[in-house]
Amino acid sequence: MRINMSRWLISIAVLSLAACSPAQDDSHKFVSGDVAVHEIFWGADHNTPYPFTTSGEISCVYYPEFGTEVYFEPAGHSKDSSIGTPLNKAAAKSLEKDGLMPNVPYSIKKGADLSEAVEVGLKACFK
């Protein structure tokens, strides 16, 4: 009887802990990250030419509504009030939905291949 009673008490304790734990809801999950970039160092890790006219930061943020948004902010403009240049469709759609425009100097070279820059941003969110 003593063994059954202790199992019963353990079961109640485990059940009460599970019942009091919050549910894991990923719909409000927020992930962000950033990577400093500079033309001098870009060629060491990337196959495409440096796509920006200045050094800066590639940043990302993940919201479930649009997915992972990737932005570029020139050096000295990565503040809470700055809105970076969108580098992928998710970032552009998010800004459009909110009626926002980038407020940092536009620093993408004309005709630049942004594929590796976007890849860098995506990796920054999920490293």
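For the structure itself, look to the data block above.
Rules of the game
- Residues numbered from 1 in each chain as written.
- Predicted model: local features only at pLDDT ≥ 70, side-chain atom pairs only at ≥ 80, totals over all residues.
- Heavy atoms only, no water.
- Pairing = 2+ DSSP bridges.
- Helix = DSSP H or I, 4+ residues; strand = E, 2+ residues; numbered from the N terminus.
- Contact = heavy atoms within 4.5 Å.
- Axes fitted to C-alpha atoms, helices over the stretch in contact; angles between N-to-C directions.
- Buried < 20%, exposed > 50% of the residue type's maximum accessible area, 1.4 Å probe, protein only.
- Salt bridge = Lys/Arg side-chain N within 4 Å of Asp/Glu carboxyl O.
- Arc of directions from axis to C-beta.

Peer 1: Sorry if this is basic, but what is going on with the sheet that holds strand β2 (residues 56-63) here?
Peer 2: One open sheet holds the four strands; their spatial order is β1-β2-β3-β4, and the pairing between them is antiparallel. Edge positions in the open sheet fall to β1 (31-37) and β4 (85-86), since each of these has one partner strand only. Inspection of the sheet shows β1 paired to β2 by seven bridges, in the antiparallel sense. Counterpart to valine 35 in the pairing with β2 is isoleucine 58. With respect to the sheet, helix α3 (residues 89-98) is in contact with β3 (67-74) and β4, its orientation differing from that of β3 by roughly 85°.

Peer 1: Please clarify how the pairing of β3 should be interpreted in this entry.
Peer 2: Regular strands place their side chains on alternate faces of the sheet. Counting buried residues in β3 gives eight out of eight residues, a clear majority hidden from the surface. Two strands pair when backbone bridges link them, and β2 and β3 are joined in this way by eight bridges, in the antiparallel orientation. In the strand pairing of β3, tyrosine 62 is matched with threonine 68. Hairpin connection of β2 to β3: three residues between the antiparallel strands. The pairing of β3 with β4 spans two bridges and is antiparallel. Following the sheet pairing, phenylalanine 72 is matched in β4 by threonine 85.

Peer 1: Help me understand the pattern of salt bridges, please; the structure alone is not making it clear to me.
Peer 2: Two side chains carrying opposite charge are able to pair once their charged atoms lie near each other. What the rule picks out here adds up to four salt bridges. Residues glutamate 65 and lysine 97 are paired through a salt bridge, measuring 3.9 Å at the closest nitrogen-oxygen approach. In this pair, glutamate 65 sits in the loop between β2 and β3 while lysine 97 sits in helix α3, placing the two residues 32 residues apart along the sequence. Close ionic contact of lysine 97 with aspartate 98 constitutes a salt bridge, the shortest N to O distance being 3.7 Å. Using a relative accessible area of 45% as the deciding quantity, one classes aspartate 98 as partly exposed. Several salt bridges share partner residues, and in doing so they unite Glu65, Lys97 and Asp98 into one network.

Peer 1: Mind showing me how you'd approach α3 here?
Peer 2: Owing to its 3.6 residues per turn, the α-helix brings residues three or four apart onto one side. Every buried residue belonging to α3 is among Ala90, Ala91, Ser94 and Leu95, and all of these are buried. What you see down the axis of α3 is that its buried residues fit within an arc of 130°, all on one side. Among the exposed residues of α3, those pointing more than 90 degrees away from its buried face are Lys89, Lys93 and Glu96. Count one or two residues on from α3 and you reach glycine 99, which has phi positive near 70°.

Peer 1: Looking at this model, I keep getting lost on the environment of valine 70. Mind explaining?
Peer 2: As for its placement among the helices and strands, valine 70 is situated in strand β3. In this structure valine 70 comes out as buried when scored by relative accessible area, which is 0%. Here the alpha-carbon distance between valine 70 and cysteine 60, two residues 10 residues apart in the chain, equals 4.4 Å. Setting aside chain neighbours within four positions, we find valine 70 in contact with Ile58, Ser59, Cys60, Thr85, Pro86, Leu87, Asn88, Ala91, Ala117, Val118, Gly121 and Leu122.

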